[in-house]
Amino acid sequence: MSSSVVLAAKNITAGYGGHPAISDITVELRANEVLTLIGHNGAGKSTLLKCLFGLLESESGIVAVDGEDVTGQNARQISDRGVALVPEGRGIFPSLPVRDIFSLGMHASGVPKKEQADRIGWVLEILPAISEFMNRPAGNLSGGQQQMVSIGRALLNRPRILLMDEPSIGLAPKLFQDLLAPIRALQQREKLSILLVEQNVREALKISDRAVVMKSGSMIWEGEPAELEDNERLMELY
Amino acid sequence: MSILSFGTAAAEDHTIGALFPLSGPNATYGDVFMSGSDLAVEHINADKMLSGPLSIAYEDSQGLPQPAVVGMTKLVNVTNVPYVLSAFTGVSKAISTLGNRNEVVAVNGGGVGPDLAALGEYFWNVIPLVNLEVRAVMPYLIKEQGIKRVVLIYIDDPFGNSILDELESTLESAGGELIETMSVPTTAQQFSGIAAKVRAAKPDAVYIASYGAQQIQIVKQLRDNGVDQQLITYSGYLVPDALALPESEGIIATGQGVNYNSEDPVTKRFVADYTAKYNRAPTAYNVNYYNATYLFALLAQALEAEGKEVTGANLLAKRKEIGTFDLVGGNVSFQENGTLLFPIQVKTIKNGKTEVLDTIDFGK
Amino acid sequence: MLALQLTITGLQTGALYALTAVGFSLIFGSTRIFHFAHGATFIIAAYLFYFVNVSGYGVVLGIAAATAGAIAFGLLLNRFVYVPIQRDEGSFFTVFVASFGIGIVIQNIVGMIFGRGFVTVQTPLSFSVELMDGLYVSPLAWISMLCAVVFFGILWCFLRYSNLGLSLRALADNPELVKAFGLNPRYISACAFTIGSILVVPAAIISGATSGLNPAMGHHVMLISLAATIVGGIGSVAGTLLAGLALGLAESLALLYVDSQWTEAVTFAILFLFIIVRPSGLLGRSAAH
Amino acid sequence: MVSSQVDTQEVLMEIRNVDRAFGGVKAVDNVSMDLRAGIITTLVGPNGAGKTTLFNLITGELSKDSGTIKWLGQPINRIKPFQAARAGILRTFQDLRLFNEMSVEDNILTSIEANSVPLPMAKSQRKARREKVEYALSRTGLIDKRHIRAKDLAYAERKFLSMARVMATDARLWLLDEPASGLDPNSYEKFLEILREEVKQGVTVCIIEHNLDIVIGISDRIAFLDRGKLLADDEPQTVLNDPDLRAIYFGERT
Amino acid sequence: MEAYLLNLVILISIYSILASTLNFIMGYAGIYSLAHAVFFGVGAYAGTFVATHFSASIFFTLPAAMIAGAVLSLILALPALRVRGEYFVAASLGLQVLAVTIFSEWKSVTGGIGGLIGIPPLDIAGFEVFKPNQFVFVTVVGLIIVLFIINRLVHSSFGRSLRAIRDSESAAAAFGKNVPLIKTISVVISSALTAVAGVMYASYLSFINVESFTLDTSVLIMAMVIIGGTGTQAGPIIGAALLLLLPSLISYLDFLPQTEIGSIQQIIYGLGMALLMIYRPGGIVGLKKQSGGGKK
Ligand SMILES: Nc1ncnc2c1ncn2[C@@H]1O[C@H](COP(=O)(O)OP(=O)(O)OP(=O)(O)O)[C@@H](O)[C@H]1O
Ligand SMILES: Nc1ncnc2c1ncn2[C@@H]1O[C@H](COP(=O)(O)OP(=O)(O)OP(=O)(O)O)[C@@H](O)[C@H]1O
Ligand SMILES: [Mg+2]
Ligand SMILES: [Mg+2]
């Protein structure tokens, strides 16, 4: 396992309206690994992801991509460095057809027009179900279908670093597995680094190389997934 | 506040009120009215007609009843004025009850709606009302220009309706015909459709009865849209904005017969000073508010001479007592209902100026 | 003949309504900002053109000044009024009140500078030409319709073939998510304000020549825009265009049947009925909850 | 909370041949099933199977294309959502739909005041109402947050408030749409405990759930929907062991 | 001076009734109506009609006005049941414009644009009230009664239902609330109480015409509510007082040029509206909203 760090948060403190939701968090995502971030509701997982992706300004600390300091850069600049985010909730625009969401996503990250069709084809290979509703307004899709669209959109950027915030919410087990398997395959094939936030710990840990646990805004544990699986430790940690 | 008003006829500052539209769509009139009343104040103070200087407390009526009532209440109760200049029919009607209840004289020099003649003892008009204007112009046009078929475009309010009534009866008795009437709402801005209907009616002349910015738009849009017939209108049209409009050329309008060339000293001084001060020829509105202000000075002067207090009731009594006054435009007298009787002139607009075609004097 | 005349008149009026309304619709549809001061943009553009024109600098400079003024006003208002309000999660009503207030301010400032009366842009183009017996059409009528066609054509292509159209719709759906996509919502809404403000310019200039200007007319312009936006379906450019034309036609053709003081009521009766019967408007997406 | 003696065989709701299509998509396709009293029936199925749509058809949120639904033996085919609620059928929403600007307490209070008429109430009635609110608050652990606006709650608390609103009512049938999704294990354990407790006291529950742990943990019966069709409606073991269904749902090869 | 103050208190009370009744549907039911002046007008015209044709006794004029307002408000309820937010605003705007046309055209009842003059004073059990120092009691008591009614409603289950409907209509229905009925009732109550203000206004001014019931009035009332604080009890009253006093206060600023004073007043009014919304979007009384606050 290569140990070069592709995305790092150092001593990050951030929050909303003066109340810190995370404090002094340090986390490192290494090249070509799946790192799962778990923690109870409100632990600050989403907040951390927002900081990493430049959606939320941290009060102190440093964010670095490939060792370069990107603190204070906005989402566009960070996504230009090969980072993509699957946001929490339904990452779709209800009135736009799926196809348009995809082209908007590619436009936002500057994918050349010529390349766009190829990329969509590539994503449909990973998430074939999407082709069934390419032309329907995303608002009319079921929750799981919307989640697929959201992940598909992030993949269209062909990121090196993928941040996913609870992609399993509302997904049927098969679908989640159907999603994880190709993502894992993709990750290994394309040397992707993934930071995954999940409540569905069991499934998530199956594909993880490492895991970290957060509690009330702080990092409390870091290690191999095997140590967590079928382990009382996990329950303890929560 | 009330202590001050007990002062006797000794040197006393006089304040009268004015409810003019100073903001809103009709504010252009406010400026016109003020230029008349302000000049009167200058003259009165220069002549030391009264024991102390006269000033006018302006309140913004916006040309609307409710602000007018608020303003009037302030004038009556805070500023304690005995005499208020009023303008616009809606405003005048709204404040007339307050005037009567509190014995404060309200004087209209701008509105020409005929219902202004019946607002009670304390409501005076220093302007001939519009029914006289219609009665003057139509027979003249039928006789002189052979106009028979007339279309009326009128604003749908008491003023417009009274023109409608007056036009119907006048035309009938003078041998003309009102072939089509089109009412417009006060807020309308677009008249090209109206123009089309006018053209379709093929009249000899079009009478326009509206006010403010609207009537100017009506004229412009009629002309733009191929209505080339004679346009007729009333005194309300004779404001600088309208005169400056090229489309106004050739319009026939009526107005109170102020003989600006009259030799009497009041008129001469008014015309000379007005022209000098504002760099334009005065219009009837300037005259009326000059007159309304000047009338107060005349009455108050007479009251002070007798050592009487200048109150609304005393002013009313004095006006009835004197009856006839030397104002701009000559020696004019009040009718029983508190409305001045003025001769009516038929004018036409040439090169942005009015030209008198005829003067019709009902009084004589 | 009268009906034909009124139809053409109605189309001319409708074209101008449509242009103004589409600007509002575009802004409202994408940013959810109830930009009531759109009427003030109209006034600013119209008076700037008038001012440059009467000062003798000619039509081209006038158009440039009007356009620049409209854009600047739209952008400044967005930056210094709407953005701060929205940051505090103001409801669309908070924005409406602020916008209404700004409308009043502009109306009065323009009144103080240019006078509260009526001004008109003098041009021979406003004189009608008799096309056939009893049918008068002024060159401005053709220009209005041409402007509408050209501007809509450009706008349509722009929204269709650039990604801005998509961005605008995305912004309307979910401003937060737009950020996660790496787009800047501020920039997108600034674009909406720029385009929306440009769209009032032709209508403002032409109105200055056909019906004249006064500072209070922004209000009326705004009401019509609002009606056309709703009847057409919020966010639907084509719908707003159709609705603007339809309202202009209705206003004009209503003269065949009713007195003119009822024409405005006709417009708003249509609006009222539309909302009850077909709340999503002519071409809009579903709006009923 | 209705009564602690329930006949678990009694059929509360009878759904027969219900159809609903959106454009070309058959969201619910000829579904017939029974909801039996006093048990938890879990609706499972892939995304877009029509589970939420089925709830919407039961409560009258959407109209059926065809088919009948009987509630306590009476047909309720043209029922409106508010009538369904008054008849004792309550639901939660996948997207919660809390009364965001209102306090936690008011959220619960208004949920049990179905008729809204501000008539004076007897003291005992008022007391009963108070108790229900307190009960729901304490069971869901929201007691300390009672005066906080719903929209200021944290995610898990919002989920629990959505439950508390239902718990305070006298409804006999609860239709819960993914009430535990996104909850961390601690929270959903607590949630399951509440649910079991309530069922013991007599309510009947139909729940949509994806999380396998939860499905196994609570189901008395599982109804399996796929592409609008009801593929199974049986004991949990039977459904979970059916290889075809497993393949559809869990993606395991037979 | 005293009469002038009384006059202001009377107008403020009347407008406070208008603002409070609007706040009732706006702040609690989420029905943002731009047609409030219509019901103000309906009350004024109906009251005047009864007063001039039958009896000026408030035991006739008030019920007649309230019934007229209530019945007509069903027209407003129609769009309120179908749409929300900006769509409803537009619908109410349409109604407002329609009503103004009808007010100006139905001359036999409304006097058209010319309006009605000589409206009789309020007759309370044979006692004629028109002097400001008496009238002020009537309006203040009227305001207190209206506030009391609204207060009771808002703090009852009915008020909670209204707010629930405002926050989520479908969830409210799912908890057994007859949404159309509750909405209709709230509109009817609001309009009937608004009509009371109309009766007072007409007999106080003794003159009414359509210009008092236009869109500008509706916007003014709405501004009162929003500036004061939507969904609060004191807000609408403070808003009403402020907006009615503002012009008078400005006119005391002697250093302003007379000719421009109207414009300056309007500019201050407009600017005030905008600035307040920027710095206190919740209104003067309302809480300053905190950004964020919990997850969405
Ligand atoms: N927009 C916001 N404004 C204010 N506070 C917020 C906001 N978003 C989150 N918070 C608060 O910040 C804290 C951390 O929230 P965060 O969303 O990061 O948690 P999380 O670990 O992602 O939880 P979950 O598992 O529920 O998604 C919580 O207490 C939450 O209430
Ligand atoms: N309002 C609607 N308009 C059009 N299609 C709809 C609508 N609502 C649902 N659908 C479609 O009906 C089908 C069933 O949707 P439903 O929401 O019932 O699925 P679900 O089983 O609840 O899925 P999930 O587990 O993802 O929530 C889906 O294909 C969905 O796209
Ligand atoms: Mg989260
Ligand atoms: Mg669902």
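These numbers were taken from a predicted model, which means no experiment stands behind them. (Residues numbered from 1 in each chain as written. Chains lettered and ligands numbered in written order. Predicted model: local features only at pLDDT ≥ 70, side-chain atom pairs only at ≥ 80, totals over all residues. Heavy atoms only, no water.)

A. Up close: the coordination of the magnesium ion (ligand 4). The magnesium ion (ligand 4) binds to the protein through Thr52 of chain D (OG1) and Gln94 of chain D (OE1); the donor distances cover 1.9 to 2.4 Å. Remark: Gln94 of chain D occurs in the loop between β6 (89–91) and α3 (104–112) and Thr52 of chain D occurs in helix α1 (residues 51–59); sequence separation between them is 42 residues. (Donors = N, O, S within 2.8 Å, 3.2 Å for Na, K, Ca; no water. Helix = DSSP H or I, 4+ residues; strand = E, 2+ residues; numbered from the N terminus.)

B. The packing of helix α1 (residues 2–31) of chain C against helix α10 (residues 237–253) of chain C, seen in detail. Residue and element names in this part refer to chain C. Between α1 and α10, the shortest axis-to-axis distance is 6 Å and the interhelical angle comes to 145 degrees. The two elements α1 and α10 meet at a crossing, and its hand is right-handed. When its residues are assigned to classes, the contact of α1 with α10 shows 15 nonpolar, 10 polar and one charged. (Axes fitted to C-alpha atoms, helices over the stretch in contact; angles between N-to-C directions. Left-handed = near helix turned anticlockwise from the far one by under 90°. Nonpolar A, V, L, I, M, F, W, Y, C, P; charged D, E, K, R; others polar.)

C. Layout of the nonpolar core. Core analysis: the largest hydrophobic core is formed by 416 residues, its most contacted members being Leu163 of chain A together with Phe20, Tyr83, Tyr207 and Leu222 of chain B. Filtering out sequence-adjacent residues up to four positions away, Leu222 of chain B remains in contact with Ile153, Ala195, Val198, Val206, Ile208, Val227 and Leu231 of chain B. Val133, Ala164, Val166 and Ala168 of chain D belong to the second largest nonpolar core, which has 39 residues in total. (Core = buried A, V, L, I, M, F, W, Y, C linked by side-chain atoms within 4.5 Å. Buried < 20%, exposed > 50% of the residue type's maximum accessible area, 1.4 Å probe, protein only. Contact = heavy atoms within 4.5 Å.)

D. Quick peek at the coordination of the magnesium ion (ligand 3). All names here are of chain A. Ligation of the magnesium ion (ligand 3) by protein atoms is provided by Ser46 (OG) and Glu88 (OE), these donors lying 1.9 to 2.2 Å from the ion. With Ser46 in helix α1 (residues 45–52) and Glu88 in the loop between β6 (83–86) and α3 (98–108), the pair connects residues that are 42 residues apart, well separated along the chain. In this structure Ser46 comes out as buried when scored by relative accessible area, which is 11%. With relative accessibility at 30%, the residue Glu88 sits in the partly exposed group.

E. Geometry of the interface of chain C and chain E. Contacts between the two partners involve 46 residues from chain C, matched on the other side by 49 residues from chain E. Between chain C and chain E the total buried area reaches about 4,200 Å² when both faces are included, carbon and sulfur atoms providing 74% of it. Inspection of the chain C/chain E interface yields zero salt bridges. Taken together, the connections running from chain C to chain E amount to zero residue pairs in polar contact (both at pLDDT 80 or more). Residue assignment for the side of chain C that touches chain E shows that the elements contributing at least two residues are α3 (58–87), α4 (92–114), α9 (217–232) and α11 (263–277) of chain C. Of the residues forming the side of chain C that touches chain E, the biggest block, 14 residues, is contributed by α4 of chain C. (Buried area = accessible area lost by both parts, 1.4 Å probe. Salt bridge = Lys/Arg side-chain N within 4 Å of Asp/Glu carboxyl O. Polar contact = N/O pair within 3.5 Å; in protein donor to acceptor, adjacent residues only side chain to side chain.)

F. Structural context of the domain arrangement of chain A. Residue and element names in this part refer to chain A. Entries for chain A in the domain assignment read domain 1 (1–82 + 160–238) and domain 2 (90–158). The gap between the C-alpha centroids of domain 1 and domain 2 is 23 Å. At the junction of the two partners, domain 1 supplies 16 residues and domain 2 supplies 14 residues. Interface of domain 1 and domain 2: buried area, both sides summed, is about 1,200 Å²; carbon and sulfur atoms make up 67% of it. If you look at where domain 1 meets domain 2, you find one salt bridge. The residue Arg158 makes a salt bridge to Glu190 at a minimum N-O spacing of 3.0 Å. Our enumeration of links across domain 1 and domain 2 arrives at two residue pairs in polar contact (both at pLDDT 80 or more). Elements supplying a minimum of two residues to the side of domain 1 that touches domain 2: α2 (75–80) and α6 (173–190). Looking at the side of domain 1 that touches domain 2, its residues break down into nine nonpolar, two polar and five charged. (Domains from an automatic or database assignment.)

G. Layout of a nonpolar patch on the surface. Residue and element names in this part refer to chain C. Where nonpolar side chains cluster on the molecular surface, the patch consists of Met1, Leu4, Val129, Leu131, Met132 and Trp142 and spans about 570 Å² of accessible area. Counting residues per element, the nonpolar patch draws most heavily on strand β1 (residues 129–132), which supplies three residues. Checked against the element boundaries, Trp142 lands in helix α5 (residues 139–161). (Patch = residues over 30% accessible without salt bridge, like charges linked within 9 Å, V, L, I, M, F, W, Y side chains within 5 Å. Areas by Shrake-Rupley, 256 points an atom, 1.4 Å probe, with all protein chains shown as cover.)

H. Looking closely at the sheet that holds strand β2 (residues 25–36) of chain D. Residue and element names in this part refer to chain D. The four strands are arranged β2-β1-β4-β5 in an open sheet whose pairing can be described as antiparallel. Of all the strands in the sheet, just β2 and β5 (74–75) have a single pairing partner and so form its edges. Bridging between strand β1 (residues 11–22) and strand β4 (residues 66–71) involves five bridges; their strand directions are antiparallel. Residue pairing for β4: Ile15 is matched across the bridge by Ile69. The strands that α1 touches are β1, β2 and β4; relative to β1, the one it contacts most, it runs at about 115 degrees. (Pairing = 2+ DSSP bridges.)

I. Quick look at the site of ligand 2. Residues in close proximity to ligand 2 total 20 residues, the closest being Asn140 of chain A together with Asn47, Gly48, Thr52 and Thr53 of chain D. Contact distances for ligand 2 include 3.2 Å between an oxygen atom and a backbone N or O atom of Ala49 of chain D. Taking Thr53 of chain D, its side chain carries an N or O atom lying 2.5 Å from an oxygen atom of ligand 2. Contact with the protein chains removes 84% of the 640 Å² of surface that ligand 2 exposes when unbound. Going through the elements one at a time, α5 (143–156) of chain A together with β2 and α1 of chain D are the ones with two or more residues in the shell around ligand 2. The residue inventory of the shell around ligand 2, partitioned by class, reads five nonpolar, 12 polar and three charged. (Near = heavy atom within 4 Å.)

J. Spotlight on the domain arrangement of chain D. Residues and elements named next belong to chain D. When the domains of chain D are assigned, the result is domain 1 (1–88 + 173–254) and domain 2 (96–170). The gap between the C-alpha centroids of domain 1 and domain 2 is 24 Å. The interface is formed by 21 residues belonging to domain 1 together with 16 residues belonging to domain 2. On the surface where domain 1 and domain 2 come into contact, there are one salt bridge. Arg97 serves as the salt-bridge partner of Glu61, at 3.9 Å between the closest nitrogen and oxygen. The interface formed by domain 1 and domain 2 includes four residue pairs in polar contact (both at pLDDT 80 or more). For the side of domain 1 that touches domain 2, the secondary structure elements donating two or more residues are β7 (173–177) and α6 (185–200). Of the residues belonging to the side of domain 1 that touches domain 2, the class tally is 10 nonpolar, four polar and seven charged.

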